[in-house]
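The lines below spell out each chain.
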Amino acid sequence: MTVTDEAQKVVISLPAKAEYVDIVRLNLYGVASKMGFSFEEIEDMKVAVSEACNNSVLYAYKHDQGNMEVTFDIIADELQITVRDEGESFDAWGKAAGRTGLHDKDLEDAQIGGLGFYLMQALMDNVSVESESGRGTKVVMSRRLIPSEERV
Amino acid sequence: MNMSRNEKFNVTSHLEDGICTVALSGELDLSVAPELRQVMEPLVVDETIDLVINLKELKYIDSTGIGILLSILKTRHGMNSGFLVEEVPDQIQKLFDMTGIAKFFAAENSH
């Protein structure tokens, strides 16, 4: 695969179940390594994309079974990953106080809620969440490939 | 490094001289969290042991896994019982630092 100006796309659709999230990670590894991301960068993105999938698994389909769709868009030197579900919307995840991490908290006050979102933001260049009641959630995240000569 | 094969999660525990060492390997994510919670449940509340979690062979952790470790740490801290997380791989340490949980581990380890 050569990276061209033309955007390229890989789309997978899977059951929104915990045991399928590792398949998303394997696909991410395939796409990101083809693009030339380093091992460490891929590990970062694995966590970020898994957190988005975890969210769909945990909150999207409370009573029914449903799918999540993961799209890898290769846009020049950037990998954009979209995780979409068609489940119920949620507020707790993206808007939780946990967005700040645990740095300023005492052990007694440390809660894990929101850490997934926090990690996603910390590990990717850009993250956005669109959520509409009853119409599902779309998480879009991206990371730019830094050419090796720019690496420190 | 073999990325094509799934790194299946596994837990083993070993008790010696009052120290219970639990070694985690493979990928600790949402799908195996119930398994880990089940194994840890009786150990976490055991005041007669010092609890050590060894992460040397752990390849991956997500916020669910970090949450379990935080919950164990809180319980052990509340009981004033020994708890240590050891041999943390660099990539996982990075996530501990990023989330801020690292400082709690460090404080607990210095007891």
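On a predicted model such as this, the values are computed, not experimentally measured, just so you know. (Residues numbered from 1 in each chain as written. Chains lettered and ligands numbered in written order. Predicted model: local features only at pLDDT ≥ 70, side-chain atom pairs only at ≥ 80, totals over all residues. Heavy atoms only, no water.)

**Looking at the overall build of chain A**
Consideration 1: Within chain A, the regular secondary structure consists of four helices and five strands.
Consideration 2: The order of helices and strands in chain A, counted from the N terminus, is β-α-α-β-β-α-α-β-β.
Consideration 3: Across the 152 residues that make up chain A, the buried fraction comes to 46%.
Consideration 4: Considering only contacts within chain A whose residues lie at least 6 apart along the sequence, 64% involve residues at least 24 apart.
Consideration 5: Roughly 7700 Å² of accessible area belongs to chain A as shown, and the carbon and sulfur atoms make up 46% of that amount. (Helix = DSSP H or I, 4+ residues; strand = E, 2+ residues; numbered from the N terminus. Buried < 20%, exposed > 50% of the residue type's maximum accessible area, 1.4 Å probe, protein only. Contact = heavy atoms within 4.5 Å. Areas by Shrake-Rupley, 256 points an atom, 1.4 Å probe, with all protein chains shown as cover.)

**Here we look at the sheet that holds strand β1 (residues 10–16) of chain B**
All names here are of chain B.
Consideration 1: Across the sheet, which stays open at both edges, the four strands sit in the order β1-β2-β3-β4 with mixed pairing between neighbours. Strands with a single pairing partner mark the edges of an open sheet, and in this sheet they are β1 and β4 (83–86). For this sheet, the mean angle separating the axes of adjacent strands, direction not counted, is 20°.
Consideration 2: In terms of strand pairing, β1 meets strand β2 (residues 19–28) through seven bridges, oriented antiparallel. Bridged to L15 within β2 is C20.
Consideration 3: The strands touched by helix α2 (residues 63–79) within the sheet are β2, β3 (50–61) and β4, with β3 carrying the most contacts at an inclination of about 170°. (Pairing = 2+ DSSP bridges. Axes fitted to C-alpha atoms, helices over the stretch in contact; angles between N-to-C directions.)

**Concerning the nonpolar core**
As a rule of thumb, nonpolar side chains are buried together in soluble globular proteins.
Consideration 1: Ranked by size, the top nonpolar core spans 77 residues in total, and within it A:V70, A:L79, B:L24, B:L51 and B:F96 carry the most contacts.
Consideration 2: Among the elements that line this core, the one with the most residues is helix α2 (residues 39–60) of chain A, at nine residues. (Core = buried A, V, L, I, M, F, W, Y, C linked by side-chain atoms within 4.5 Å.)

**Notes on the interface of chain A and chain B**
Consideration 1: Counting residues at the interface gives 34 residues for chain A and 29 residues for chain B.
Consideration 2: Both sides of the chain A and chain B interface together cover about 2700 Å² of buried area, and 62% of this is carbon and sulfur.
Consideration 3: A salt bridge links B:D29 to A:R25; the nearest nitrogen and oxygen atoms lie 2.8 Å apart.
Consideration 4: If you look at where chain A meets chain B, you find 14 residue pairs in polar contact (both at pLDDT 80 or more).
Consideration 5: Elements with a contribution of two residues or more to the side of chain A that touches chain B: α1 (21–35), α2 and α4 (115–123) of chain A.
Consideration 6: Sort the elements by how many residues they give to the side of chain A that touches chain B and α2(A) lands first, with eleven residues.
Consideration 7: Partitioning the side of chain A that touches chain B into residue classes produces 16 nonpolar, six polar and twelve charged. (Buried area = accessible area lost by both parts, 1.4 Å probe. Salt bridge = Lys/Arg side-chain N within 4 Å of Asp/Glu carboxyl O. Polar contact = N/O pair within 3.5 Å; in protein donor to acceptor, adjacent residues only side chain to side chain. Nonpolar A, V, L, I, M, F, W, Y, C, P; charged D, E, K, R; others polar.)

**Regarding the packing of helix α1 (residues 33–44) of chain B against α2(B)**
In helix packing, the relevant descriptors are the interaxial angle and the interaxial distance, both defined with respect to the helix axes.
All names here are of chain B.
Consideration 1: Packing of α1 against α2 brings their axes to within 11 Å, and their N-to-C directions diverge by 10°. Between α1 and α2, the angle falls in the class roughly parallel. Here α1 contributes A33, L36, R37, M40, L43 and V44 to the contact with α2, which in turn contributes T64, I68, I72, T75, R76 and M79.
Consideration 2: Taken together, the residues of the contact of α1 with α2 sort by class into eight nonpolar, two polar and two charged. (Parallel < 35°, antiparallel > 145°, perpendicular 65-115°, else oblique.)

**Thoughts on α1(A)**
Consideration 1: Compared with an ideal rise of 1.5 Å per residue, which puts 15 residues at 21 Å, α1(A) spans 21 Å between its outermost C-alpha atoms and is within 8% of the ideal.
Consideration 2: Every buried residue of α1(A) is accounted for by A:V21, A:D22, A:V24, A:R25, A:L28, A:V31, A:A32 and A:M35.
Consideration 3: On its buried face, α1(A) is in contact with β1 (8–15), α2, β2 (67–75) and β3 (78–85) of chain A together with β2 and β3 of chain B.
Consideration 4: In the segment just after α1(A), A:G36 is the residue with positive phi, at about 105°. (Expected span 1.5 Å × (residues − 1).)

**Points about the side chain of A:T82**
All names here are of chain A.
Consideration 1: Structurally, the position occupied by T82 is in strand β3.
Consideration 2: Using a relative accessible area of 7% as the deciding quantity, one classes T82 as buried.
Consideration 3: For T82, the residues in contact, after removing those within four places along its chain, are E69, V70, T71, D73, K138, V139 and V140.

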